[in-house]
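Survey of secondary and tertiary structure
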Amino acid sequence: MIVIKTPAKIIIFGEHFIVAKGSQAILTTVGLDTTCTIGNVNDKDFHVSFKSATFNLDVQFSQSEAIEIFSAAQKLHEQYRKNQDIKPLKDLIKTDGNFFRAIIGFLSLKYSISTCSIKFECKAPLGSGMGTSASIASSMIAAILKNNQIDFSKQELFNLTKTIEDLQHGSSSGADPAAIINGGLLHYEHKQNGERSFRTLKNIKNWDKDLYLVHTGPPQESTGEMVAISKDFQNTNPIKFNRFLNRSNQICNEFIKSCDPDIFPFLNESGLMLEEIGVVSNKVIEFSKMIRSKGGAIKIAGAGGRVGDGSGLCLVIIKNKNDLKHICNQFNFKLLNAPLMVAGIDI
């Protein structure tokens, strides 16, 4: 039996801009683990069981079926790159465990792998800006490769996970798997030449003082759909988007240069930019106004959500925790309690 654990992640600064070339982001890991356990089976099918607070799944499928789903997803991804319509790809991947089939199909075309039983337990809220798809994919890929005695590096695991993330979201920045695989506090860059790189930030302290994680509920849209909204804003308001992008990069640079950064003003500034781009729901905007009226700072931490009530995870700094609890109860939002800057995947 092989057990792999991966953390969740949050983007502190830079979401929606990090997809663009010439951008930066600051991320950290969160101690809400996904645990992937693999065992051998005596039949010709793969068995996948997934459990979380809001979603359970048990599915069984053959290797040929997995390859078929991955190949179909590849074709739909090629279409997405041409027409930017992510709905057909989203519908395929979200249907009846096809996300897991696509991973098995992808690995089956690259390696010789045997059938197995795969069990997941996920503590982080799904689809809420905490990188659960990257956490699930990276833990599953690592566990399958180890189960088949296939050597791999963290860079190779990143590349494999990034491929699956592109199928899941249409176009992934790669920031989520970088954070989840490596752990800690990270500076991620998407350079003008398209190259992506990251480095661990080891000497920055106290940045998370009085910082709270608030779950506003999962958005109705996928990450890919939210990225499409951001791209539409970029296309219709290129001057303003570039001004936001440059300011986001400045915030990242100011964070990196300080050993003891005060992120309070940066949270509000970043949050208001994301609200103007249109990736925050009306309910979360009202919640944010109330937090700011109490002297707090707030921003979403991920792709966000516009339709419905939930926009996923928010980062909040506020002196009086009782004020935050009261406002969360008023909006029926949930405070999450989890450590930050935890270790990455243990392989």
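Note that the structure is a prediction, hence the values are computed from the model and not measured.

As for the pattern of salt bridges
In the structure shown here, the tally under the stated rule is 15 salt bridges. Taking the shortest distance from any N to any O, the salt bridge between Asp210 and Lys319 comes out at 3.4 Å. Here Lys319 lies in the loop between strand E10 (313–317) and helix H11 (321–331) and Asp210 lies in the loop between strand E7 (196–200) and strand E8 (211–215), a separation of 109 residues in the sequence. For Asp210, a relative accessible area of 24% puts it in the partly exposed group. Under the relative-accessibility criterion, Lys319 is labelled exposed at 71%. Of the charged contacts, one joins Glu276 and Lys240 as a salt bridge, the two residues approaching to 2.5 Å between their closest N and O atoms. Residue Glu276 is located in helix H9 (residues 264–277), and its partner Lys240 is located in helix H8 (residues 238–257); the two are separated by 36 residues in the primary sequence.

Considerations on the environment of Tyr111
Within the fold, Tyr111 resides in the loop between helix H3 (98–110) and strand E5 (116–122). Relative accessible area serves as the criterion here: at 26%, Tyr111 is assigned to the partly exposed category. Placed 227 residues apart in sequence, Tyr111 and Ala338 show a C-alpha to C-alpha distance of 36 Å. Apart from residues no more than four positions distant in its own chain, Tyr111 is found in contact with Leu145, Ile150 and Leu160.

Some details on empty space enclosed by the protein
Throughout the structure, instances matching the rule amount to 1 cavity of 30 Å³ or more. When its volume is computed, the largest cavity comes out at roughly 40 Å³. For the largest cavity, the full set of lining residues is Phe13, Gly14, Glu15, Phe17, Ser248, Ser270, Leu274 and Lys299. Classifying every residue of the lining of the largest cavity gives 3 nonpolar, 3 polar and 2 charged.

Some remarks on unusual backbone geometry
Non-glycine residue Gln84 carries a positive phi angle of around 60°. Along the chain, Gln84 falls in the loop between helix H1 (63–83) and helix H2 (87–94). Taking relative accessible area as the criterion, Gln84 reaches 38% and is therefore assigned partly exposed. The residue Asn206 is not glycine, and still its phi comes out positive at about 65°. You can see Asn206 is positioned in the loop between E7 and E8.

A word on the pairing of strand E6 (residues 185–190)
In terms of residue burial, E6 counts as a mostly covered element, since 5 of its 6 residues are buried. Of the strand pairs in this sheet, strand E2 (residues 23–40) and E6 are connected by 6 bridges, and their pairing is antiparallel. Residue pairing for E6: Gln24 is matched across the bridge by Glu189. Hairpin connection of E6 to E7: 5 residues between the antiparallel strands, including Gly194 at a positive phi of 90°.

Procedures and definitions
Residues numbered from 1 in each chain as written. Predicted model: local features only at pLDDT ≥ 70, side-chain atom pairs only at ≥ 80, totals over all residues. Heavy atoms only, no water. Salt bridge = Lys/Arg side-chain N within 4 Å of Asp/Glu carboxyl O. Helix = DSSP H or I, 4+ residues; strand = E, 2+ residues; numbered from the N terminus. Buried < 20%, exposed > 50% of the residue type's maximum accessible area, 1.4 Å probe, protein only. Contact = heavy atoms within 4.5 Å. 1 Å grid on protein atoms, 1.4 Å probe; cavity = no way out; pocket = protein on both sides within 12 Å on 5 of 7 lines; lining within 4 Å. Points joined across faces, edges and corners; volume = space filled by probe spheres on them. Nonpolar A, V, L, I, M, F, W, Y, C, P; charged D, E, K, R; others polar. Pairing = 2+ DSSP bridges.

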